[in-house]
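# Analysis of the macromolecular model
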Amino acid sequence: MTAETMTPPGRAPDRFFKYWIIAPAILILLLVGLFPLIYSLVVSFQGLTMTDVDYSFTWNNYAYLFKDKRLWESLLHTVIITAIALPIELILGLAMAQLFLERMPGRQIFVSLLILPTVISPIVAGATWRLMFDHRYGPINQTIAWFLGEEKVLLWNVSPNLVYPALLVCEIWQWTPFMFLILLAALSNVDKSLTEAAEIDGAGFWRTFHKIVLPAIWPVMAIALLIRGLDLVRIFDIIWALTAGGPGTMTETISIYTYVQGFQQFETSYTAAIAFLVIVLLTVIVTWAIRRMGLAK
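The paragraphs below set out a description of the structure included in this document. (Residues numbered from 1 in each chain as written. Predicted model: local features only at pLDDT ≥ 70, side-chain atom pairs only at ≥ 80, totals over all residues. Heavy atoms only, no water.)

## Observations regarding the packing of aromatic side chains
So the rule is basically this: Classification of ring pairs rests on two measures: the distance between centres of Phe, Tyr or Trp rings, Trp counted by its six-membered ring, which must be within 6.5 Å, and the angle between planes, read as stacked under 30 degrees, edge-to-face over 60 and tilted in between.
By the definition in use, this model includes 19 aromatic pairs. In this structure an aromatic cluster arises from ring pairing among F45, F57, W59 and Y62.

## Quick notes on unusual backbone geometry
Backbone phi values are negative for most residues with the exception of glycine, while trans is the configuration of most peptide bonds. Test applied: Runs of H or I in DSSP of at least four residues are treated as helices and runs of E of at least two as strands, each being numbered from the N terminus. Relative accessible area decides the class of each residue, using a 1.4 Å probe on protein chains only: under 20% of the type maximum gives buried, over 50% gives exposed, and in between gives partly exposed.
Here the residue pair G246 and P247 is connected by a cis peptide bond, since its omega of 0° sits within 30 degrees of zero. Examined against the element boundaries, P247 turns out to sit in the loop between α12 (237-242) and α13 (254-263). The phi angle at A244 is positive, at roughly 55°, despite the residue not being glycine. With phi around 60°, F266 is a residue other than glycine that occupies positive phi space. Mapping F266 onto the fold places it in the loop between α13 and α14 (268-293). A relative accessible area of 34% places F266 in the partly exposed class.

## Some points on the side chain of T253
Under the convention used in this document: Any pair of residues with heavy atoms lying within 4.5 Å of one another is described as a contacting pair.
Locating T253 in the fold gives a position in the loop between α12 and α13. Residue T253 is classed as buried on the basis of its relative accessible area, which comes to 0%. Not counting residues up to four positions away in its chain, the partners in contact with T253 are S74, T78, I81, I235 and I239.

## A word on the pattern of salt bridges
The following threshold applies: By salt bridge we mean one thing: a side-chain nitrogen of Lys or Arg within 4 Å of a carboxyl oxygen of Asp or Glu.
Summed over all chains, the structure comprises five salt bridges. Here R228 ties to D231 by a salt bridge, and the two come within 3.3 Å at their closest N and O atoms. Separated by three residues within a single helix, R228 and D231 lie in helix α11 (residues 205-233), roughly one turn from each other. Looking at R228, the relative accessible area reads 1%, which means it is buried. Notably, a salt bridge pairs R234 with D231, separated by 2.7 Å at the nearest N-O pair. When salt bridges that share partners are traced, they join E89, E171, R228, D231 and R234 into one network.

## Comments concerning the side chain of H77
How we decide: Counted as a polar contact is a pair of N or O atoms within 3.5 Å, where, for protein atoms, one must be capable of donating a hydrogen and the other of accepting one, and residues adjacent in sequence contribute only when both atoms are in side chains.
Note on placement: H77 falls in helix α4 (residues 69-99). Taking relative accessible area as the criterion, H77 reaches 12% and is therefore assigned buried. For H77, the side chain forms a polar contact with the main-chain oxygen of M250, separated by 3.3 Å.

Structural data, given as structure tokens:
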């Protein structure tokens, strides 16, 4: 029954009835999402700090962005972590998905166990790995000492040479199962008749994977890469729990630097300017990635 049939006699049907129905939901979404964005943009052109309240229009915050060496270093740290962790998570996730593609005894149990790290809160995962990397009581140092036959003190959380491997191990451990689960679903939907025909024609595993399987799962793989890439750009919890950006500012990512400026230094307007710089950079990168991956079709 349509809106026209429900209209009482003598009244014209309301053509905009469906829009009136969804208008409250749209209004709430705009208030929740658009208002903070516009307000932050306005604040970024002011001079609000913990000790000074200046509502006059100024470009100083955006001008200082290009002079802030620590900001660009934090962006570089973010890029390094993303560039290393994302390919490793993809390769490991794809290998695990290929391994569990065929039916085997206990397959469902193993898959359920493998995805457990993903459901753990990142801050809890980081705190857990911090305890495991502890140089006095952590099991990792004790295991290494047992293999070497002598006591070995490795300062995973503070050593410049070990802090990035520790971070990457924690990040890859937690989020590789996410890639595994998505890629397993994608591989399960590949038409087996095509791979069987290629096998009959004498095509090897790698040729079949490159010519048939990879094109079939590419849209799903591209979306998984995009989601994980965005997650890595805003990485905060694990690093904050594991190193808090240290030693010094060596592992300080853009999210941690923004947090420090906003909630420790209380540079409110400058923090808003940093946030909009990140929004612009991510918009450009995501737009390019979507076009490059062919997801816009």
